[in-house]
Every structure is written in C-alpha cells, then in structure tokens.
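Commentary on secondary and tertiary structure
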Amino acid sequence: MSVERVTVDGQPDLTVVVSNTQEQQTEHSTNQTNVPEAAPDPHPPTIEPVSDPATPASAASNAINCVTHETASASCTGHTVRSWPPRRLADEVLERVVSAIDEKAWFADVTFLSCINRWHLSEEIQQTREWLVGELVSIEGAVVKTQTIPLELNLPFHGRHTAYSPDSSGGINIIATLPGEVEAPYIVIGAHYDSMSEIPSERAPGAVDNASGVAGVIQLARIFSQFKRHYTMEFVLFDAEEFGLIGSKYRTSLLTPSDVLFMINLDMIAWRDATPMLLFQTQSEALGRLCCDTASKLEAKQIPIVETNAWGSDHVPYIRQGIPAVMVSFEDGLSYPFHHRTQDLPENIEPSIAKEILSIVACILALVGVHNVDMEIPIDLQGFSQLLVKDENHVQLENSSCSLPSDVPSPEVQHTDPSPQPPTSQVTNNIVNHVTCEKIPVPQLCDESLNRLVSSLDERSWLSDISHLTSVNRYALSQEMGELRNWLLDKLKSIDGLVVTTEPVPLKDGFSGLNLAGTVPGSVPTRIVVGAHYDSTSENKHHRAPGAADNASGAAAVLQLAQIFARTHPVYTMEFVLFDGEEIGTCGSRKRVTGLQTTDVLFMINIDMIGVNEAHPVFVTETSPAFEFLANMFCAISRKLKPTALIKVETFAWGSDHMPYIGKDIPAVLITFNDSTSYEHYHTTRDTIEHLNPGIALDYMRVIACGVGLVGLYQLDIYTSLDEQGFTQLLQSP
C-alpha cells in the first residue's frame, strides 16, 4: 500500500491511505460521494516501522509473526459455537448482516492482536497500526485515513514512563469511512486498539480489553461495505485510550454535535464467564432504548441493561461534545479478573457471545444506517420491530364470488363527463412514446360508478405530472422546492370540488416544508386519507434528485385520484395529502398525525413507488399485523380486477408515511411494488421516468380507486371481507 498526506477538511494531520487496488476502490467510492484528491507531499509517509534496524529479529518482528490467522481461526474450534439468532429475520438486509458475522474470523483477529504488545509506548505499537491500516484498506470502498494526535496532548502521560522519548508522537487514530447518501450527520463505530497490563513495557496482550472491540469494528466495516448506506459510516480505531482517552478526546475536539448522528463504542465484549448481562452505557434515552429494543426483539441471551453513568471509555468525549453515544460491553468490566493483566488472553473469550453482541450492533446500524429508522421514535411505533422477526406472510388471495345483497345502497355520483383536457404537449407525447407502456385494457365493471372511476384514470396525465416533478430537484432542503410546492398547490386548486389547505412542516437545520391537502367533504367527518410524499433524494441530492419512482409516481397518483373523486359525493370525507420531508425522517406525515385521534380517520393509504417497470410485477400491500384485514381487502380487489396478478401481503411495516398513522393506531397500508431495495436506481440520479411503466401504474391506481370507492361511496365495512358483504359482484364484468 502507499501512504499520502493530504489536507482534509482543513485538518493537515489526516493521512489518506490508499491500497494497491486504488482504481477499483476509487470507482466504488465515487459512485456514492466525492472523495478529495490526494495532494502531493514531499515527505511521505507518516507511518514508519519503529523496530530496531540493528536487530533483524526484533521483538516487534517476532510478535507480529507469532501466530497466523489460520492457526488463530483453528483455535476457535474449541469454543462453543451457538446458532444465533434463533430464527431467520424477516428483512433481507438484516438477515444478510447477521449471517455475515463470522465469529471464527473475529476470533482470529483477536488472537492475532493479542500476540502483539499494544501498550501505547511499546516498540510493537507501530506494527499494530500498520496491520490495522492494511486490514481496513483491504475493505472495498473504504476511504482510510490516519490522524496524528499532537504530542502535547499526551505529554503528561508519556513523561511518566521510561519508554518515553522526545521523538514520540501523541498517538495515531485510524479511520475508515464508508460513504453513504447522507454525508453528515454520520454514524461512528469505534474501539481503542491500545492495551495495558501490570508490566506494559514487556507484555500487554489485551484480548478482552480491547482486541475484542477492535476485531468487532473490523468485522462491521467489512459487512457494511457490501450494502448501500443511507448514512455515511465512520469506523474509528482510537489510540491511547488507556492513557486517558487521548485518541477520542482529540477526535471529538474537531467535531460539532451536528457532525455525528450517534456513536457506538465497543469495549470489552465476549468474556466467557461474565454475568449474562449486556451493558449499554449511555446518557441518551433514545439511543439506550433503541439498543435495548433491538436486543429484546432478537431474543438476546444476554439481558440488556442501560447504565446512564457514562465513564471510562471512548464514548465519553462524544457525550461531552453533545453527541449521542453508547458503550457496548458486558455487565461490569471491572469484574473481569484479568483486567489490565498479562493473563488477558484469548482463552478467556467466548466467540458465540461476541457474535450475539455484534449481531445486535449490526442490526442497529442496519436499521438506522441503511433503512433510515428515526432513533428518536421507538421502533415499535415505526413498525421496524417487525423486521426483526421471522416473515411467514406471503398471502395470495383466490377468486371468490357472492350474490350482491339487495340492501346495498347506490351512491350518489355526479355522472358528468370529465372536463375537457387541454391538448397533450409534444413533450408529454415524446415521454409516452419512449416510456415502456404495455397497454392494459380498462376493466369493465358491472357497477357504473366504479366503472367511471377507473375509466377516468389517465396515464398521459400521470406521466405529464411525473415529467414536471422529475425536472425539479425535490430534495426537501433544496432551493427548488419552494417553486414546486406552489406548482402542486396550483394543481390541487385547479380541481373543482376540492377544499385545499396547507400545513407547515418543520424539517431540519431551520428549514420548513409544507404538507398539501385536498379534501372532498363527505356526509360524515370521519375521513379516508390517500397520501404520498413528494420529496426525493439521491447520492447527489443537493444538485439533482429526480425521484421518478420514489416518489413522483405516488404523488402523481394522488393527483389523479383527487381529480376523479372530487366529482363524487362520498359518505366518508376523503383527504388527498402530499407529504413533505419523508426522505429525511417522515417529517410531513409525523406532523400530520399530531393531535389526531384514532376515530378521526377510518383508514389511510400510502402510495410509495408504483409503476416500476418489472418483468413480473407484484402488487404489494404492507401494513402491521393488527391491520392485515386492510391489506387483504386491497389484495382481494386486485385479484378481482386482474385474476393473473401476483399479490403479496407484508405485515412488517416500515420506512414510509403510513408508519406515523399506524403509530396512532389508525389502520394504514402502503401500496408499493415488489421490493424497493432491489430497484437498482433507488435513491440515485438515475431514478428517471424511462424506468416506469404506465400500464402497471394504472393497475395500481385502479385497485386503489375501487377500494376507496367501495368504502367511501358504498360504505363497505373494512373489517369484513368483500365476499361476506357481497361487494365482489360490483367488481365483476357485466
């Protein structure tokens, strides 16, 4: 590997370490964020071997070769390897993250590090740094830097030891960054790599304290390099923790609270004889709750406890800087009989305990760092807890028929022809001509009112709206959003029969957004909500975030549905809402449900990512287990309108604007396509209109229109099946 010194963010003490596979890594990183080019330095490198050149077989050389990873991994076979977690996780990302944790590789790293005297002033510490840098550089996509700690910060501690020399450095922090869609705030995962014993100048193996934590950080960095991350992740190996948290103190002295979302510190994990309690030491109530909830949902064998008296490790400087931070450890590090002793060896470690602890931490990182969970809100209220349980739900509903009951009232519908549409522009014609558009015949239904609703849906109008929406950078904090909000407001106001209102939405960094709503008054005030978010994001969100599938497709569908229902006189009030700020934490929908009572809303439909051009489209309804009846209703309608449709019900609800409604105990369902995480253009500047299929989108909108029509116009009971009420006949061909 080569080492080049650069000035990064005004910090000349950072050294960027580039592996020999620089071209491959640079390409991988550039796809996600802009990495500063290395500036030439006439005096590279900064990491130099420190072993005595006059002694070829120096202590450092002997130590670094005392064990190989093969022998270390083989020594793990004598330890208990338990199967954990006890079942497959419902979410693919979480399942892959947990399955990737390799306790044998972890134990090999611990054993290897324990053969080196990692005392901060030992001759071998430089060999440790070089090995750690090499391990991190080998991780694809990682941007690796070293940070030299000024000697004056460490001088009082150096001066106490005979090993001190004026040429000593204050220490070196080692940092590996995996870029995400959000550059800041980012997530920090750290551990200190130095060790201590009663004779540190001779030997300080530090297996539990803290080779165990360092090996854990390396494992997590390897794993998350394989996933697309929402938040940037920073993996930090701190120096000189045993000298007074020197490395983390210096690292945090250069940070502000807005730089870091939260920090996880791994310190002393997996002592085999520890009381089976998992310690989360933090002063952040939200972070402590997230850790305990995740451990509980995973049915951890270790009992999770939270201690708010934070002390004695590298999370403390982050806390003092106003950054949420947590230390993950076993119950009481001071109870470890070999703490700071030469007997702190790998034989005292249980790898299966490390696997459990690392699985919990990995799930926390995946929930927040990949799935963008809001850690301030309990995961149960967001529905994310369902991701941590086994998924046995894949429901396909069969055709059924029933006679139409004689007492079904006929709704009052204005049977007027839609107002004449202006000529379609040449731009829209070009879009329709170039977008894959498999024409699907309009279903002819025996009920005239439903037939008019589905026949009024217009794919060209839907595409035209998407064309305009994707021409604007819809990142919630972009300057173009003000003009777009006015355009959407004018669109809603142009629909006769809608009562249009706006609602300010606090976003972040002092920005404010706007929810837009169009209401069709009904005979009763209880309302049906049809919503979609109109903001978007990408890897280059400050400049361009077209978001055709996510979620211009949903916003344009809401405009279509508002247009056709504005001409009706429903029993239930209908509310068509365009939410702001979904991509930065469901800001709009969380604001919308503030003050809502369960009885205010009959049910809510969230439209997010429809019409993606799939070879085998799947109609997906997603809700919580308590509201599965609502998902089943829409699946039954889909089956009636298109008997060959692939249908899927998912009962682990997460990550979109239906979640705040579910949190209020209001029945809510997400209508989406098969799997957003499999969409290769998800949250990128490539999420453009040519990847949409209007024919597939029309299928989705027709199902939603029939569902809203049956309930809003005919007073279908959402808690009882269509067949039992006889409404299926309304959906049949005449």
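Residues numbered from 1 in each chain as written. Predicted model: local features only at pLDDT ≥ 70, side-chain atom pairs only at ≥ 80, totals over all residues. Heavy atoms only, no water.

Looking at the nonpolar core
Formed by 85 residues in total, the largest nonpolar core has its most connected members in Trp106, Leu220, Phe224, Phe235, Phe262 and Leu365. It is helix 12 (residues 351-370) that contributes the most residues to this core, 14 residues altogether. Leaving out residues up to four positions away in the same chain, phenylalanine 235 has contacts with Ile174, Ile175, Ala176, Leu178, Ile189, Val217, Leu220, Ala221 and Phe224. Counting 80 residues, the second-largest nonpolar core is a separate cluster that includes Ile495, Met574, Ala636 and Ile647. (Core = buried A, V, L, I, M, F, W, Y, C linked by side-chain atoms within 4.5 Å. Buried < 20%, exposed > 50% of the residue type's maximum accessible area, 1.4 Å probe, protein only. Helix = DSSP H or I, 4+ residues; strand = E, 2+ residues; numbered from the N terminus. Contact = heavy atoms within 4.5 Å.)

Looking at unusual backbone geometry
The omega torsion of the bond from aspartate 209 to asparagine 210 falls at 10°, within 30 degrees of zero and hence cis. Structurally, asparagine 210 can be placed in helix 8 (residues 207-224). Residue asparagine 551 is bonded to the preceding aspartate 550 through a cis peptide linkage, with omega at 5°. Its location among the elements puts asparagine 551 in helix 18 (residues 548-565).

What to know about the pairing of strand 7 (residues 260-266)
For strand 7, the tally of buried residues reaches 7 of 7 residues, placing the bulk of the element in the interior. With 5 bridges joining them, strand 5 (residues 182-192) and strand 7 adopt parallel strand pairing. The residue of strand 7 that forms the bridge with glycine 190 is asparagine 265. Inspection of the sheet shows strand 7 paired to strand 10 (residues 325-330) by 4 bridges, in the parallel sense. Bridge assignment links methionine 263 to a residue of strand 10, and that residue is alanine 325. (Pairing = 2+ DSSP bridges.)

A few points about helix 12
In terms of residue burial, helix 12 counts as a mostly covered element, since 20 of its 20 residues are buried. Just past helix 12, the residue asparagine 372 takes up positive phi, approximately 60°.

Thoughts on the pattern of salt bridges
A side chain of one charge can pair with a side chain of the opposite charge when the charged atoms of the two come close. Tallied over the full model, the rule gives 12 salt bridges. A salt bridge links aspartate 109 to arginine 222, with the shortest nitrogen-to-oxygen separation between them at 3.4 Å. In this pair, aspartate 109 is assigned in helix 5 (residues 103-114) and arginine 222 in helix 8, connecting sequence segments 113 residues apart. Looking at aspartate 109, the relative accessible area reads 1%, which means it is buried. Salt-bridge contacts for lysine 228 lead to glutamate 181; the nearest nitrogen and oxygen are separated by 3.8 Å. Pair noted here: lysine 228 is in the loop between helix 8 and strand 6 (231-238) and glutamate 181 is in the loop between strand 4 (172-178) and strand 5, with a separation of 47 residues, a long-range link. Taken together, the shared-partner salt bridges connect Glu503, Arg527, Glu575 and Arg592 into one network. (Salt bridge = Lys/Arg side-chain N within 4 Å of Asp/Glu carboxyl O.)

Here we look at the sheet that holds strand 12 (residues 512-520)
Spatially, the 8 strands line up as an open sheet ordered 11-12-14-13-15-18-16-17, and their pairing is mixed. Single-partner strands in this sheet number two, and they are strand 11 (499-506) and strand 17 (646-650). Going from strand to strand, the sheet's axes swing by 20° on average, the running direction of each strand aside. Inspection of the sheet shows strand 15 (residues 601-607) paired to strand 18 (residues 668-672) by 4 bridges, in the parallel sense. When the sheet's bridge partners are listed, asparagine 606 is paired in strand 18 with leucine 670. (Axes fitted to C-alpha atoms, helices over the stretch in contact; angles between N-to-C directions.)

Some words on the packing of aromatic side chains
Summed over the entire model, instances satisfying the criterion amount to 12 aromatic pairs. A ring pair is formed by phenylalanine 565 and phenylalanine 576, whose centres lie 6.3 Å apart and whose planes are at 25°; its orientation type is stacked. Of this pair, phenylalanine 565 sits in helix 18 while phenylalanine 576 sits in strand 14 (residues 572-579), and the two are 11 residues apart along the sequence. With a relative accessible area of 1%, phenylalanine 576 lands in the buried category. (Phe/Tyr/Trp six-rings, centres within 6.5 Å; stacked < 30°, edge-to-face > 60°.)

What about the environment of glutamine 321?
One can find glutamine 321 in the loop between helix 11 (316-320) and strand 10. Sequence separation between glutamine 321 and threonine 256 is 65 residues; the distance between their C-alpha atoms is 7.0 Å. Those residues in contact with glutamine 321, other than ones at most four positions away along the chain, are Thr252, Leu255 and Pro257. Side-chain polar atoms of glutamine 321 contact the backbone oxygen of leucine 255, separated by 2.8 Å. (Polar contact = N/O pair within 3.5 Å; in protein donor to acceptor, adjacent residues only side chain to side chain.)

Things to note about the confidence of the model for the protein chain
When the pLDDT values of the protein chain are averaged, the result is 78; 72% of them are 70 or greater. Every residue in residues 1-14 scores below 50 in pLDDT, and together they form 48 contacts with partners more than four places removed in sequence or on other chains. (pLDDT = per-residue confidence, 0-100.)

Observations regarding the packing of helix 16 (residues 459-470) against helix 18
The N-to-C vectors of helix 16 and helix 18 enclose an angle of 130°; their axes lie 9 Å apart at closest approach. Between helix 16 and helix 18, the angle is such that the two are oblique. Seen from above, helix 16 lies across helix 18 with right-handed handedness. Residues Ser461, Trp462, Asp465, Ile466, Leu469 and Thr470 of helix 16 lie in contact with helix 18, whose contacting residues are Ala548, Ala552, Ser553, Ala555, Ala556, Ala557, Leu559 and Gln560. Taken together, the residues that form the contact of helix 16 with helix 18 break down as 9 nonpolar, 4 polar and 1 charged. (Parallel < 35°, antiparallel > 145°, perpendicular 65-115°, else oblique. Left-handed = near helix turned anticlockwise from the far one by under 90°. Nonpolar A, V, L, I, M, F, W, Y, C, P; charged D, E, K, R; others polar.)

Structural notes on the side chain of aspartate 465
Within the secondary structure, aspartate 465 sits in helix 16. When neighbours within four sequence positions are excluded, aspartate 465 is seen to be in contact with Trp487, Lys491, Ala556 and Leu559.

Remarks on the packing of helix 20 (residues 628-641) against helix 22 (residues 694-712)
Two elements in contact, helix 20 and helix 22, have axes separated by 9 Å at closest approach and are oriented at 120°. Of the possible angle classes, the one that applies to helix 20 and helix 22 is oblique. Both helix 20 and helix 22 take part in a crossing whose hand is right-handed. On the side of helix 20, the interface is formed by Met633, Phe634, Ile637, Ser638 and Leu641, while helix 22 contributes Arg702, Val703, Ile704, Cys706, Gly707, Leu710 and Val711.

Brief notes about helix 17 (residues 481-493)
Look at helix 17: 18 Å from first C-alpha to last across 13 residues, which is about the 18 Å you get at 1.5 Å a residue. By the burial criterion, the buried members of helix 17 are Met481, Leu484, Arg485, Leu488, Leu489 and Leu492. Axial view of helix 17: buried residues confined to an arc of 140°, hence all on one face. Along helix 17, the residues that are exposed and aim more than 90 degrees away from the buried face are Glu483 and Lys493. (Expected span 1.5 Å × (residues − 1). Arc of directions from axis to C-beta.)

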